[in-house]
Each structure stands twice: as structure tokens, then as C-alpha cells.
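What follows is each chain in one-letter form.
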Amino acid sequence: MLSAFVNAFRTPDLRRKLLFVLGIIVLFRLGSMTPAPGVNVSNVRECIDIATAADTEGSNLFSLINVFSGGALLQLTIFALGIMPYITASIILQLLVVVIPRLDSLKKEGQAGQAKITQYTRYLTLGLAILQATGIVALARSGSLFGGACNSDLLYHKDSIPSFLLIVLVMVAGTAVIMWFGELITDRGIGNGMSIMIFCQVIATFPGAMWQIKVQRADERGDGWVTFALVLAVGLLVVAGVIFIEQAQRRIPVQYAKRMVGRRQFGGSSTYIPLKVNQAGIIPVIFASSLMYLPALLAQFNPEEKWAVWVNDHLVLGDHPYYMISFFVLIVFFTYFYVAITFNPEEVADNMKKYGGFIPGIRAGKPTQDYLAYVLSRITAPGALYLGLIALIPMFAIALLKASQNFPFGGTTLLIIVGVGLDTVKQIESQLQQRNYEGFLK
């Protein structure tokens, strides 16, 4: 692998792309550490330390967004929102394509239609960024950002409307810059720009979360290094399992009949339809996490009500069995839901029939559609169970190790790190193979 890295940097064009990506990542991380104007940095850092030590439920309310911002959210930096508004906008547009005929027709128009959908995604991202930035700055003004764990003033001018609007504007502009960085990486670098930005934000919190486990166990029992080594070893085994499942796929063979177009012969080839075990990716985990936060949000408005007390006792912290069961069931449901709207067996069967393709032993048309739907439902079952179990890893860690909610080997973190890492390595591998060099995967 080291020789492959050397070969990659020896190639001028590939070296230029890799250095460009590294430069964008450096700028990205600098923006994630630069506080927004009007933020009381010393008070914010003090509140983060207090909330981390207390590990209150309020400090975990925005943990999903905080993970995707690389810890920048609670520090109120110019890139505090991270890539989360873009992820949410992309998911919403994917769902709307199924519902709105106009978007569906744009999707079928090819590159021009996809460019239009991308433009809509940008507009929706900015709209969501305005809403999220307004909510976060409002919580910072009221002192509720850390759930009551800290009463310090997080802003220098918390009662000033111009200062409020300035911070919101800077955060929204930061989200626009992040989108631009991602598109630059896609156009001029290696890999998918947005995926690499997500990867950088998630991996940024990893060392601190690992060290927190060591410090916490050292304070409680004095076996911090033993626990650290054990968590690291188990984490590496889980990563190996995630890589194995992420690479697993069911290949359905497809043959194309020979046909004459004018004086030329087409077809007669064979290929396959790859159906991944984890066809839905990380989307079900994001959906389920978002829904699990809704009861906690509603309970904050009426904390004295009986139902709010029950929610705070059972559906806020991840170490409760009710939380684990609900989270697991939601992930399984959203896995089937998302696969159903992203893979249409009827459309695939029609396209195969149109171009003279067929699955050996299966008649074209409706039998092919039924066969694809049957295989897809069978392969989605282990994929849904796999996602649910991976997502429950931090829950078990909270219950057994008394870890924080931001456990480093959590389901969301692992899926992003492994998925983006594999995709980027494959793209570098293909670039190296084009230049007759040995790649990463021997």
C-alpha cells in the first residue's frame, strides 16, 4: 500500500488532485474551528467542558448534528451547521422525486435534469440552514444550548438583534461555502466532494471521543488504558465486519439478445444487476435518529406533564431498553421504506425488456419484476438487521461502559467512515490502474 501511495504522488495529475483535496480539507477544518462573530469563546469552551463532564440529556439533544459538524455546532463556529443541511435537503429531494411527477421527469432527462435537481437541492439547503442557524443561535441567546448544564452567556450581545442576524448570516454563508468546497473536490479532486466533507467532520470527533473513554474509566475504576485498548480492538473487529457487509452484494445475471440495427449487430453480451446487502446505506439510521429526537424536543415544552416525564425517563438516553427497541424497529422500517422508493423493480424490468435483456430462466416483463421484488425483499432483511445492530453498538456501550452518547464506534460514524473510505480508495485505485501502476487492492 505504501508503494501505491508513492506511485500516486509520482503521477503529476494525480498528485495535483490529492494535494488539492488536502488543501480544501485544511481550509474546511480551519473554518470549523473559527468562532462566529459575537460568540463568547471562553464561556462556550467552559460550557462544553461542564456539559461533557455532566453528560446531561440536553448536551446530547443535537448530538447527531454535532457529529456531522465535527464538533463545530456546540462551539458556534462559522461552519457550525456542517454538511447536515445539505444531507437533509438531498434526502428530501430524493423522496419528493417519487411523489412529484415534475421532479421524476427531470430525473429521467439525464444530466440536464440532474443539474436542475442539484440546483433545487442547493436552494433547499440554504432554506434549511437559515432555520437551523436561527434555532441554534436562539438557544445560545437563551442559554439553553447545553440543556441547562451551563448558565454562562454564550454571546457577547445576546439581546442585540443585529448581532443575532449577523451570526445567523455567517453560519448560513458557511454552509454555502461548504457546498462549494464539496463541488470543487468532485470537479477537480478525487472522490465525491460532499462525502469527503462528511468524512472529515465525522473523523474529527473520533480521537477526542476515544480519549474521553480512557479518561472517564480512569477516573471511575483506574483501568482507563485497559478499557481504551479493549474498545479499540472490538472497534477494529466491528470495522472489519462492516467492510465485509458493505462489499457484499447479490449479482443477478442478465443476458442481452443479439439484434441488428442497420448493418451492425448489437447485444449478445452478459452482465449482472448488483443488489447490495446494505442497499439503503446510512439513510435509515439518519431517519430513525431524527424521529427519536422528536419526543425529547416535545417533552421540553411541557416538562411537568406525565407523558413528558415518561419520555424523559424512557426515550431520551440510549441505555434504556424502550429506546433501543424503538430505535431498532424504526431502522428496520426505514430500510424497507427507502429501498422501496429508490429501487423500482417495475422500471428495471421494463428497461431490460426494452433493450432485449432477460434473466436466465425468468420470462421478461411481469415475471422479471416479481423475481426482482422477491430477491430485493429477501436481501433487504439481513441488511435491515445489520443496520439495526450496528446502530445499537453505542447504546450497548452506554449501558455497559457508561460511555457518553458520542461513542466513537457508533453506527452512524462507522458507516460513514467505512463507506466513504472504500469509495475513495476505489477511485484512487482506478486512477492508478489507468496508469499501469499497482493499486491498493492486490
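Residues numbered from 1 in each chain as written. Predicted model: local features only at pLDDT ≥ 70, side-chain atom pairs only at ≥ 80, totals over all residues. Heavy atoms only, no water.

**Considering the overall build of the protein chain**
Counting secondary structure elements, the protein chain contains 17 helices and five strands. Scored against the burial criterion, the 442 residues of the protein chain give a buried share of 43%. Across the protein chain, the fraction of contacts at a sequence separation of at least 24, relative to all contacts at a separation of at least 6, is 70%. Accessible surface for the protein chain amounts to roughly 22700 Å². Of this, 62% is attributable to carbon and sulfur atoms. (Helix = DSSP H or I, 4+ residues; strand = E, 2+ residues; numbered from the N terminus. Buried < 20%, exposed > 50% of the residue type's maximum accessible area, 1.4 Å probe, protein only. Contact = heavy atoms within 4.5 Å. Areas by Shrake-Rupley, 256 points an atom, 1.4 Å probe, with all protein chains shown as cover.)

**What about helix α14 (residues 321-342)?**
In a regular helix each residue adds 1.5 Å, so 22 residues correspond to 32 Å; α14 covers 32 Å between its end C-alpha atoms and thus fits that length. Among all positions of α14, only Tyr323, Met324, Phe327, Ile331, Phe334, Thr335, Tyr338 and Val339 are buried. Looking down the long axis of α14, one finds its buried residues gathered within 125 degrees of arc, a one-sided arrangement. Opposite the buried face of α14, at more than 90 degrees from it, the exposed residues are Ile325 and Ala340. (Expected span 1.5 Å × (residues − 1). Arc of directions from axis to C-beta.)

**So, the pattern of salt bridges**
Under the counting rule described, the total for this entry stands at two salt bridges. One salt bridge connects Arg122 with Glu183, and the closest N-O pair in it is separated by 2.8 Å. One end of the pair, Arg122, is in helix α7 (residues 111-142); the other, Glu183, is in helix α8 (residues 161-188), with 61 residues separating them in the sequence. Here Arg122 falls in the partly exposed class, since its relative accessible area comes to 26%. The partly exposed category is assigned to Glu183, whose relative accessible area is 25%. (Salt bridge = Lys/Arg side-chain N within 4 Å of Asp/Glu carboxyl O.)

**Some thoughts on the sheet that holds strand β5 (residues 357-358)**
If you trace the three strands from one edge of the open sheet to the other, you get β4-β1-β5, paired in antiparallel fashion. What marks the edges here is a single partner per strand, and that holds for β4 (270-276) and β5. Judged from the seven bridges that link them, strand β1 (residues 249-256) and β4 form a sheet pairing that is antiparallel. Its bridge partner lying in β4, Ile252 is registered against Ile273. (Pairing = 2+ DSSP bridges.)

**Description of the packing of helix α2 (residues 12-33) against α8**
Axis separation between α2 and α8 bottoms out at 10 Å; the angle between their running directions is 170 degrees. Between α2 and α8, the interaxial angle falls into the category roughly antiparallel. Residue-level inspection shows Lys17, Phe20, Val21, Ile24, Leu27 and Phe28 of α2 in contact with α8, the latter providing Ile178, Phe181, Leu184, Ile185 and Arg188. A per-class count over the contact of α2 with α8 returns nine nonpolar, no polar and two charged. (Axes fitted to C-alpha atoms, helices over the stretch in contact; angles between N-to-C directions. Parallel < 35°, antiparallel > 145°, perpendicular 65-115°, else oblique. Nonpolar A, V, L, I, M, F, W, Y, C, P; charged D, E, K, R; others polar.)

**A short note on the packing of α7 against α8**
The interhelical angle for the contact between α7 and α8, taken along N-to-C directions, is 140 degrees, at an axis separation of 9 Å. By the angle class used here, α7 and α8 are oblique. Handedness of the crossing formed by α7 with α8: right-handed. On the side of α7, the interface is formed by Arg122, Thr125, Leu126, Ala129, Ile130, Ala133, Thr134, Val137, Ala138 and Arg141, while α8 contributes Ile161, Phe164, Ile167, Val168, Met171, Val172, Thr175, Ala176, Met179 and Glu183. (Left-handed = near helix turned anticlockwise from the far one by under 90°.)

**Description of the environment of Pro284**
Relative to the elements of secondary structure, Pro284 occurs in helix α12 (residues 283-301). Along the primary structure Pro284 and Tyr338 are separated by 54 residues, whereas in three dimensions their C-alpha atoms are 7.2 Å apart.

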